[in-house]
Amino acid sequence: MAKSRSVMATSSFLLLLLLTISAYLSCKQNTIPFSFLHGMKERGHNIANNLPSPSRVAVLINSLNVSRIKLYDADPNVLSAFSNSNVEFIIGLGNEYLQSMRDPAKAQSWVQQHVQPYISQTKITCITVGNEVFNNNDTQSMINLLPAMQTVYNALVNLGLAQQVTVTTAHSFNILANSFPPSSGVFRQDLIQYIQPLLNFHAQIKSPFLINAYPFFAYKDNPDQISLNYVLFQPNSGSTDPNTNLHYDNMLYAQIDAVYAAIKALGHTDIEVRISETGWPSKGDPDEVGATPQNAEIYNSNLLKRIEMKQGTPAKPSVPIDIYVFALFNEDLKPGPASERNYGLYYPDGTPVYNIGLQGYLPEMVIESKSNGGL
């Protein structure tokens with residue numbers, strides 16, 4: 001089972017952007033859904049000091065014809081930069097808000113401050129409450145998650161916004177105890193007490209189940225046992241699920257169906273699974289096998305083609321995959337192994353790290369200087 005990147009946004013400053021669910025751009029005269037992630041702070045720490053401002057990123061996003069964006073926070077600078085655009089937004093509440101969001105008055109106040117002032121001009125469609133909560137070994141946060149989600153949703157209902165804005169949360173792939181074969185996917189036993197009522201809530205309000213999945217980690221940890229072609233969507237013999245006889249030619253689809261199986265094991269077949277993060281680093285430490293620009297280009301290029309084809313997974317062939325790709329920019333200060341700083345499709349100056357056919361434009365930064373005297 002692949003390890004998951006824990007991306008927890010606690011930024012009070014701008015730009016934890018997850019440029020998401022279906023960003024439409026023109027490539028080879030086809031309309032292609034694609035998505036990106038971009039961030040500036042993580043766990044309260046700077047993860048980059050050279051990223052463009054929201055207004056400059058807005059120009060880049062518009063040049064790529066991106067149609068949907070997901071934030072880890074609800075930064076007003078970002079929301080304002082995209083006002084009167086056709087871009088849809090998912091905004092986020094960090095894990096540090098879970099306790100306070102159990103309070104109906106505080107939840108309603110948050111929605112009134114972060115949703116109501118912008119929703120008439122910026123298309124806000126979803127709020128993610130917390131991120132990878134079950135991956136942090138924080139029992140109190142696990143207990144707070146569902147009540148916080150319910151209270152935020154009730155605030156939306158009270159304010160007449162529940163038809164426009166839904167509520168969900170994103171999970172680490174590590175919440176699965178088993179993921180192979182996909183039909184045998186099950187959640188960790190210690191988490192079922194939290195996940196079962198959470199699934200009931202998703203079904204009730206018809207919101208998606210988000211999972212962060214990185215085939216890169218599975219390959220990095222077992223390069224002798226896992227086929228590189230299998231994780232990169234390249235031609236390969238694949239694997240067949242002995243229980244369903246379904247054939248898989250890539251790991252990501254197998255991971256998605258493992259999550260569907262785990263949800264079904266808890267009695268639900270009415271919840272859609274979406275990938276809230278995936279990607280491949282273009283550089284890594286010596287022990288990070290496979291972290292190269294060539295592999296990153298292949299992974300994202302092939303993923304783009306799969307999305308363009310509106311493919312479903314073997315177990316859900318009629319449900320097109322819905323993918324969020326990490327990341328838009330490299331992040332120079334991000335802690336951890338070198339790979340963490342090299343998931344970007346672009347350098348901060350707007351130059352592509354590698355070519356997957358995206359043609360975007362990042363405007364020059366204008367610096368105004370002030371003088372003591374007029375000229």
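Residues numbered from 1 in each chain as written. Predicted model: local features only at pLDDT ≥ 70, side-chain atom pairs only at ≥ 80, totals over all residues. Heavy atoms only, no water.

1. A short note on the overall build of the protein chain
Right, so step 1: Assigned secondary structure in the protein chain consists of 9 helices and 15 strands.
Right, so step 2: Sorting the 375 residues of the protein chain into buried and exposed places 58% on the buried side.
Right, so step 3: Accessible surface for the protein chain amounts to roughly 15,800 Å². Of this, 47% is attributable to carbon and sulfur atoms. (Helix = DSSP H or I, 4+ residues; strand = E, 2+ residues; numbered from the N terminus. Buried < 20%, exposed > 50% of the residue type's maximum accessible area, 1.4 Å probe, protein only. Areas by Shrake-Rupley, 256 points an atom, 1.4 Å probe, with all protein chains shown as cover.)

2. Here's the deal with the side chain of Lys220
Right, so step 1: Of note, Lys220 is situated in helix H6 (residues 215–221).
Right, so step 2: There is a polar contact of 3.1 Å between the side chain of Lys220 and the side chain of Asp221.
Right, so step 3: Excluding residues within four positions of it along the chain, Lys220 makes contact with Asp287, Glu288 and Val289. (Polar contact = N/O pair within 3.5 Å; in protein donor to acceptor, adjacent residues only side chain to side chain. Contact = heavy atoms within 4.5 Å.)

3. Some points on helix H1 (residues 54–63)
Right, so step 1: Among the residues of H1, Pro54, Arg56, Val57, Ala58, Leu60 and Ile61 are the ones counted as buried.
Right, so step 2: Of the residues flanking the end of H1, it is Asn65, one or two places downstream, whose phi is positive at about 60°.

4. Here's the deal with the nonpolar core
For soluble globular proteins, nonpolar side chains are generally found buried alongside one another.
Right, so step 1: Phe89, Ile91, Ile127, Phe134 and Phe187 are the most contacted members of the largest nonpolar core, which totals 103 residues.
Right, so step 2: Sorting elements by how many residues they give to this core places helix H8 (residues 251–265) first, with 10 residues. (Core = buried A, V, L, I, M, F, W, Y, C linked by side-chain atoms within 4.5 Å.)

5. Topic: the environment of Leu191
Right, so step 1: Here Leu191 shows up in the loop between strand E10 (186–187) and helix H5 (192–205).
Right, so step 2: Expressed as a C-alpha distance, the spacing of Leu191 and Ile175, which sit 16 residues apart in the sequence, is 7.4 Å.
Right, so step 3: Here Leu191 is in contact with Phe134, Met142 and Ile175, once residues within four sequence places are set aside.

6. Some words on the packing of aromatic side chains
Right, so step 1: A complete count under the given rule lists 13 aromatic pairs for this structure.
Right, so step 2: With a centroid separation of 6.3 Å and an interplanar angle of 70°, the aromatic rings of Phe233 and Tyr253 are classed as edge-to-face. One end of the pair, Phe233, is in the loop between helix H7 (228–231) and strand E12 (239–240); the other, Tyr253, is in helix H8, and 20 residues separate them in sequence.
Right, so step 3: Judged by its relative accessible area of 3%, Tyr253 falls in the buried class.
Right, so step 4: Judged by centre distance (5.3 Å) and plane angle (50°), the ring pair of Phe233 and Tyr299 falls under tilted. In this pair, Phe233 sits in the loop between H7 and E12 while Tyr299 sits in helix H9 (residues 293–308), placing the two residues 66 residues apart along the sequence. For the residue pair Phe233 and Tyr299, the accessibility class agrees, reading buried in each case. (Phe/Tyr/Trp six-rings, centres within 6.5 Å; stacked < 30°, edge-to-face > 60°.)

7. Side note on the pattern of salt bridges
Right, so step 1: Considering all chains together, one arrives at 7 salt bridges under this definition.
Right, so step 2: In this structure, Arg188 engages Asp190 in a salt bridge whose closest nitrogen and oxygen atoms are separated by 2.7 Å.
Right, so step 3: Ionic pairing is found between Glu272 and Arg274, a salt bridge with its closest N-O pair at 3.4 Å.
Right, so step 4: Taking the relative accessible area as the measure of exposure, Arg274 reaches 18% and is therefore buried. (Salt bridge = Lys/Arg side-chain N within 4 Å of Asp/Glu carboxyl O.)

8. Thoughts on the pairing of strand E14 (residues 273–278)
Right, so step 1: The buried count for E14 comes to 6 of 6 residues, which makes it a mostly enclosed element.
Right, so step 2: The pairing of strand E11 (residues 209–212) with E14 spans 4 bridges and is parallel. Bridge pairing in E14 places Leu210 opposite Arg274.
Right, so step 3: In the sheet, E14 pairs with strand E15 (residues 323–325) via 2 bridges, with the strands oriented parallel. Residue pairing for E15: Thr278 is matched across the bridge by Val325.
Right, so step 4: Taking the sense of rotation as the criterion, the β-α-β connection linking E14, H9 and E15 turns out right-handed. (Pairing = 2+ DSSP bridges. Right-handed = clockwise from strand over helix to strand, strands pointing away.)

9. Some points on the confidence of the model for the protein chain
Right, so step 1: Per-residue confidence for the protein chain gives a mean pLDDT of 84, with 82% of residues at or over 70.
Right, so step 2: Across residues 1–46 the pLDDT falls below 50, and counting only partners more than four positions away or on other chains, this stretch makes 201 contacts in the model. (pLDDT = per-residue confidence, 0-100.)

10. Describing unusual backbone geometry
For residues other than glycine, phi is negative in most cases, and the peptide bonds are mostly trans.
Right, so step 1: Omega for the bond connecting Phe180 with Pro181 falls within 30 degrees of zero, at -5°, which places this linkage in the cis form.
Right, so step 2: By the secondary structure assignment, Pro181 is in the loop between strand E9 (176–178) and E10.
Right, so step 3: Here the residue pair Phe326 and Ala327 is connected by a cis peptide bond, since its omega of 20° sits within 30 degrees of zero.
Right, so step 4: You can see Ala327 is positioned in the segment after E15.
Right, so step 5: Notably, Asn84 is not glycine yet its phi reads approximately 60°, a positive angle.
Right, so step 6: Looking at the secondary structure, you find Asn84 in the loop between helix H2 (76–81) and strand E6 (88–93).
Right, so step 7: Look at Asn84 and you get exposed, because its relative accessible area is 61%.
Right, so step 8: For Glu132, which is not a glycine, the phi torsion comes out positive at approximately 50°.
Right, so step 9: Tracing the backbone through its elements, the reader meets Glu132 in the loop between strand E7 (123–131) and helix H4 (139–158).
Right, so step 10: For Glu132, a relative accessible area of 0% gives the class buried.

11. Here's the deal with the packing of H4 against H5
Right, so step 1: With their axes 11 Å apart at the nearest point, H4 and H5 run at an angle of 15° to one another. With respect to each other, H4 and H5 are oriented roughly parallel. Here H4 and H5 pass one another in a crossing that is left-handed. For the pair H4 and H5, contact is made by Thr139, Met142, Ile143, Leu145, Leu146, Met149, Gln150 and Tyr153 and by Tyr194, Pro197, Leu198, Phe201, His202 and Ile205, respectively. (Axes fitted to C-alpha atoms, helices over the stretch in contact; angles between N-to-C directions. Parallel < 35°, antiparallel > 145°, perpendicular 65-115°, else oblique. Left-handed = near helix turned anticlockwise from the far one by under 90°.)

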